[in-house]
Amino acid sequence: MGSMQVPKIYYGSRTHKQIEQVIREFKKTAYSDKPMTILSSREHTCIQNCPQGKSKTQLCNDLHDVTKNTTGRCNYNTDKSKYTMSHEVMYAQGLETPWDIEDLVLFGKEKNACPYFGARGLMPHSDIIFCPYNYLLDPIIRDTMQLTLKNDIVIIDEAHNIESICRDVSSADFREDNIGEAIEDCKYNFNQTNDSATYECIKQYLEDMAKLICDQILPTPENVNAEVTSECWTGDQTWSMFKINGLAEKRFQEFCLASSNAISIYNQMKEDQQTGVDRDKENTSANDMKKQKKKPAITFVTKRLLEELVMALNLIQNPTFCKDYRCTISQNFHWDAKHKVENNSWIPAQGGQRLRSLKFMCMNSAIIFGQMAKNTRCVILASGTLSPTSTFESELGTKFIHKLSANHVVPKEQVYVRGIPRGPKGTILKATYNNVQALPFKDDLGQLVLEVCQAVPHGVLCFFSSYTMMDNQTQRWKETGTWNEIERCKHIVTEPRRNNDLDEIMSEFREVIKDTSERPAACGITGALLFAVFRGKVAEGIDFSDNEARAVLTIGIPYAVQSDPNVKLKREYNDQNRNKGLLPGGEWYSVQAYRALNQALGRCIRHRNDWGAILLVDERLLTSYSASYLPKWIREMRQNGSNYNLKEELKAFVSRQQINDKERAAK
């Protein structure tokens, strides 16, 4: 009997920051000496000096793109660096497991070795592999990274968004400028190689597809920024349209074969470049290398487009999945639009422009999840806010034999949870679209936020259903003077719409918390108030512990916009496919809203000795219907009763917790 192969463990989380937190906890376990690696993006691990205006991903792809780099590849990704980035050498040089991404990057800089490819090279000899979970779910990334997952264990942490992530991965969007760039790429290769049939086949197919997209009659947009769309088709209806335009059957098979050939040529050229440059550098001058004839191959951008297009078209014409897709042709304004210039290269169009896209929208999460899970030994989904769990089995098409809803590690006495149905002046707080426009709602909500900030020291988080609602409420508070009153006790910061600006805002917030944790500022400020939105970066991916979040207010129930095409189509799809065990569209819609709410609620309590107040502001959240959608620990810890003095109860709660903190510190 042959020996049983020990499975690898793949631990996927949502963001690199969350992986850093997992590594910190992993160090405390009995398994911390096991060989491991972390797969991460180039943005986090590339050590090249990146020119302004170019991302590290773009730079790395350019340096490794066989069509752009004739003088040698990245000087950090060499045979020598591959030897340096081995478990044995890293351990001997002082980098012991488990290390995090920052440790690896520092080591790479010291040794002039690429951390990005080094981490990938460690996979075959690692027992535990940490990565963002799109590496596990996206079949194109899995193939690129050579992750088979066969008989391995997959753990997906922060799995509350797994349904929408799977639908996003199996959806695709093909914009006319990206198609045009790929066409020009194939034209160039057609003129540079003896294998002209491959590139001619791809070029003609993409040209005919671009014509199909541009020939579709669309409504006239109301303004330059308005999106307009064609009618919506199912996958099989779209495939019928491809048949009518001569893009199906034999023609599609020829395109798939040509794409596979072009991608193989690209991969071979890349491999030849990577294995040959180190050998040749010692014996070949830079000038001689420049003179070497550049071998033709598609660019990385074209390769990715072909991979996504082949996958999308195979899925919409597959009898098993064709009804699970909705497809449309849209036109919208894009600031990152590209246009062709004289030398047939594509550069950003200044000021942006309107472009058409062919969109494939997947309605069935099980397509991608099933592909990932089918070969694994087991899959574990974990999150502090998986509730409500009713959609997971139906949406993912998988039976989960074992389900565990654990109690919170924090004692009930350290958490104050209350549903807030009315404001300090008695106004009913029911955050429906019409109600939140009313001045009494805005004014009493402002008074509620003020009272919480006066009663609770340090950090306070307040979540709104959208940026528009947040702006409307806070604008009214500025007009009435409530904003100024809040500023007398809290430094106010607001979650930015652009993710690039978030780090600066969070640094500002945390600096105030740090400065005021020992004692209030001379001006009386006791901490900071952070206004944020459900489903944003603050609600989903940032850890707030101890004084960073002593109270969380959630305003309303974050139902998605019903007119959003993706939401509308998904609700209709669920209603049409009840026979698959899917929840009715309306029920699915509610589950998504409460899951976003629950995720925001979880920002407050992060470890056993933490404490804080959680206030669910909306009359509807006091009903038994809403309670069934809330996490078990929220239901069990919630204060009951309609007669209460919120401000005085919060002050008493804070006082008890501060005494407990002093007693713990004295032990």
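### A few points about the overall build of the chain
Here is step 1 of the chain: The secondary structure content of the chain amounts to 28 helices and 19 strands.
Here is step 2 of the chain: Since a compact globule built from 667 residues should have a radius of gyration of about 26 Å, the 28 Å found for the chain is in line with a globular shape.
Here is step 3 of the chain: Considered along the principal axes of its C-alpha atoms, the chain spans approximately 85 × 65 × 60 Å.
Here is step 4 of the chain: Scored against the burial criterion, the 667 residues of the chain give a buried share of 53%.
Here is step 5 of the chain: Considering only intrachain contacts with a sequence separation of at least 6, the fraction spanning at least 24 residues in the chain is 79%.
Here is step 6 of the chain: If you sum the accessible surface of the chain, you get close to 32100 Å²; carbon and sulfur atoms cover 48% of it.
Here is step 7 of the chain: Positive and negative side-chain charges in the chain, numbering 85 and 83 respectively, have mean positions lying 2 Å apart.

### A word on unusual backbone geometry
Note: most peptide bonds trans; most residues except glycine with negative phi.
Here is step 1 of the chain: A cis amide bond links Thr 97 to the next residue, Pro 98, at an omega of -5°.
Here is step 2 of the chain: In this structure, Pro 98 sits in the loop between α5 (87-92) and α6 (101-111).
Here is step 3 of the chain: Positioned with a positive phi, Asn 112 is a non-glycine residue whose angle comes to about 55°.

### Considering the pairing of strand β16 (residues 527-533)
Here is step 1 of the chain: Most of β16 sits out of view: 7 of its 7 residues are buried.
Here is step 2 of the chain: Where strand β14 (residues 458-464) and β16 come together, 7 bridges link them in parallel fashion. Among the inter-strand pairings, Val 460 is bridged to a residue of β16, identified as Leu 529.
Here is step 3 of the chain: In this structure, strand β15 (residues 490-494) lies alongside β16, joined through 5 bridges in parallel fashion. Across the sheet, residue Thr 494 finds its bridge partner in β16, namely Phe 531.

### Things to note about empty space enclosed by the protein
Here is step 1 of the chain: Applying the stated criterion to the full structure yields 1 cavity of 30 Å³ or more.
Here is step 2 of the chain: In this structure, the largest cavity spans a volume of roughly 60 Å³.
Here is step 3 of the chain: For the largest cavity, the full set of lining residues is Arg 42, Cys 46, Ile 47, Gln 48, Cys 60, His 64, Cys 74, Tyr 76, Cys 114, Tyr 116 and Phe 117.
Here is step 4 of the chain: Here the lining of the largest cavity is built from residues that sort into 8 nonpolar, 2 polar and 1 charged.

### Description of the confidence of the model for the chain
Here is step 1 of the chain: Summary statistics for the chain give a mean pLDDT of 89 and a share of 94% for residues scoring 70 or more.
Here is step 2 of the chain: Note that pLDDT drops below 50 for residues 277-293; the model gives that stretch 14 contacts with residues more than four away or on any other chain.

### Structural notes on the pattern of salt bridges
Close approach of charged atoms lets side chains of opposite charge pair.
Here is step 1 of the chain: Applying the stated rule across the entire model yields 31 salt bridges.
Here is step 2 of the chain: In this structure, Glu 572 engages Lys 568 in a salt bridge whose closest nitrogen and oxygen atoms are separated by 3.0 Å. Here the residue Glu 572 and the residue Lys 568 both occupy positions in helix α24 (residues 565-576), the gap between them amounting to 4 residues, near one helical turn.
Here is step 3 of the chain: The class of Glu 572 is partly exposed, set by a relative accessible area of 34%.
Here is step 4 of the chain: When its relative accessible area of 44% is taken as the criterion, Lys 568 is described as partly exposed.
Here is step 5 of the chain: Residues participating in the shared-partner salt-bridge network are Asp 138, Arg 304 and Glu 308.

Thresholds, definitions, all that
Residues numbered from 1 in each chain as written. Predicted model: local features only at pLDDT ≥ 70, side-chain atom pairs only at ≥ 80, totals over all residues. Heavy atoms only, no water. Helix = DSSP H or I, 4+ residues; strand = E, 2+ residues; numbered from the N terminus. Rg over C-alpha atoms; globule rule 2.2 N^0.38 Å. Buried < 20%, exposed > 50% of the residue type's maximum accessible area, 1.4 Å probe, protein only. Contact = heavy atoms within 4.5 Å. Areas by Shrake-Rupley, 256 points an atom, 1.4 Å probe, with all protein chains shown as cover. Lys, Arg positive; Asp, Glu negative; His and termini not counted. Charge placed at Lys NZ, Arg CZ, Asp CG, Glu CD. Pairing = 2+ DSSP bridges. 1 Å grid on protein atoms, 1.4 Å probe; cavity = no way out; pocket = protein on both sides within 12 Å on 5 of 7 lines; lining within 4 Å. Points joined across faces, edges and corners; volume = space filled by probe spheres on them. Nonpolar A, V, L, I, M, F, W, Y, C, P; charged D, E, K, R; others polar. pLDDT = per-residue confidence, 0-100. Salt bridge = Lys/Arg side-chain N within 4 Å of Asp/Glu carboxyl O.

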